[in-house]
Amino acid sequence: AYMVIENLKEINFHIKDLEIYKQQFLLTGKERSFLLYYEKIGSILAMIQNLKARANFLDNKTQEKRLTELEALLQSKLVCDEKCMQIRKSKGFQI
């Protein structure tokens, strides 16, 4: 249980970084922030998959369900973020 809590804290930290990179890109248009954003997504999704595999291995259906819900919420956020960043990329700062 301790490791799961620590991993979830780390995921939360990475999601905060994700938001920072998105905001940096939206404000500056710098490609570096855009790339860091997508690198961070890969890290977060890998961490969630590792936790889901552990929950499955331990036959913890409640934990597995919650992680699936977390993944779905993250995917919703990513869709919204993607739309914002594509608008910024195509139209610039002024809309």
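Residues numbered from 1 in each chain as written. Predicted model: local features only at pLDDT ≥ 70, side-chain atom pairs only at ≥ 80, totals over all residues. Heavy atoms only, no water.

**A few points about the overall build of the chain**
Broken down by element type, the chain carries 3 helices and 0 strands. Over its C-alpha atoms, taken along the principal directions, the chain stretches across nearly 50 × 20 × 15 Å. Classification of the 95 residues of the chain by burial places 29% in the buried group. Taking contacts inside the chain between residues at least 6 apart in sequence as the whole, the part at least 24 apart equals 68%. When the accessible surface of the chain is split by element, carbon and sulfur atoms take 60% of a total near 6500 Å². Side-chain charges in the chain split into 16 positive and 12 negative, and the spacing between the mean points of these groups amounts to 5 Å. (Helix = DSSP H or I, 4+ residues; strand = E, 2+ residues; numbered from the N terminus. Buried < 20%, exposed > 50% of the residue type's maximum accessible area, 1.4 Å probe, protein only. Contact = heavy atoms within 4.5 Å. Areas by Shrake-Rupley, 256 points an atom, 1.4 Å probe, with all protein chains shown as cover. Lys, Arg positive; Asp, Glu negative; His and termini not counted. Charge placed at Lys NZ, Arg CZ, Asp CG, Glu CD.)

**Examining the packing of helix H1 (residues 2–28) against helix H2 (residues 31–57)**
The contact between H1 and H2 brings their axes to 9 Å, and the two run at 160°. In this view, H1 runs roughly antiparallel relative to H2, as classed from their interaxial angle. Classified by chirality, the crossing of H2 by H1 is left-handed. Its residues placed into classes, the contact of H1 with H2 shows 16 nonpolar, 4 polar and 5 charged. (Axes fitted to C-alpha atoms, helices over the stretch in contact; angles between N-to-C directions. Parallel < 35°, antiparallel > 145°, perpendicular 65-115°, else oblique. Left-handed = near helix turned anticlockwise from the far one by under 90°. Nonpolar A, V, L, I, M, F, W, Y, C, P; charged D, E, K, R; others polar.)

**Notes on the confidence of the model for the chain**
In this model, the chain carries a mean pLDDT of 90, and residues with pLDDT of at least 70 account for 98%. Per-residue pLDDT, averaged within each element of the chain, yields its smallest value for H2 (90) and its largest for H1 (93). (pLDDT = per-residue confidence, 0-100.)

**Things to note about H1**
Here H1 is 27 residues long and its end C-alpha atoms lie 39 Å apart, about the 39 Å a rise of 1.5 Å per residue gives. Among all positions of H1, only Val4, Asn7, Ile11, His14, Asp17, Leu18, Tyr21, Lys22 and Phe25 are buried. Contacts from the buried residues of H1 go to H2 and helix H3 (61–91). Immediately beyond the C-terminal end of H1, within one or two residues, lies glycine 29, with a positive phi of roughly 75°. (Expected span 1.5 Å × (residues − 1).)

**Some thoughts on the side chain of arginine 88**
Considering the arrangement of structural elements, one finds arginine 88 in helix H3. Within the buried core, arginine 88 has no salt-bridge partner, and the shortest N-O distance to an opposite charge, that of glutamate 31, equals 9.6 Å. With residues near it in sequence (within four places) discarded, arginine 88 still touches Phe25, Leu26, Leu27, Thr28, Gly29 and Phe93. (Salt bridge = Lys/Arg side-chain N within 4 Å of Asp/Glu carboxyl O.)

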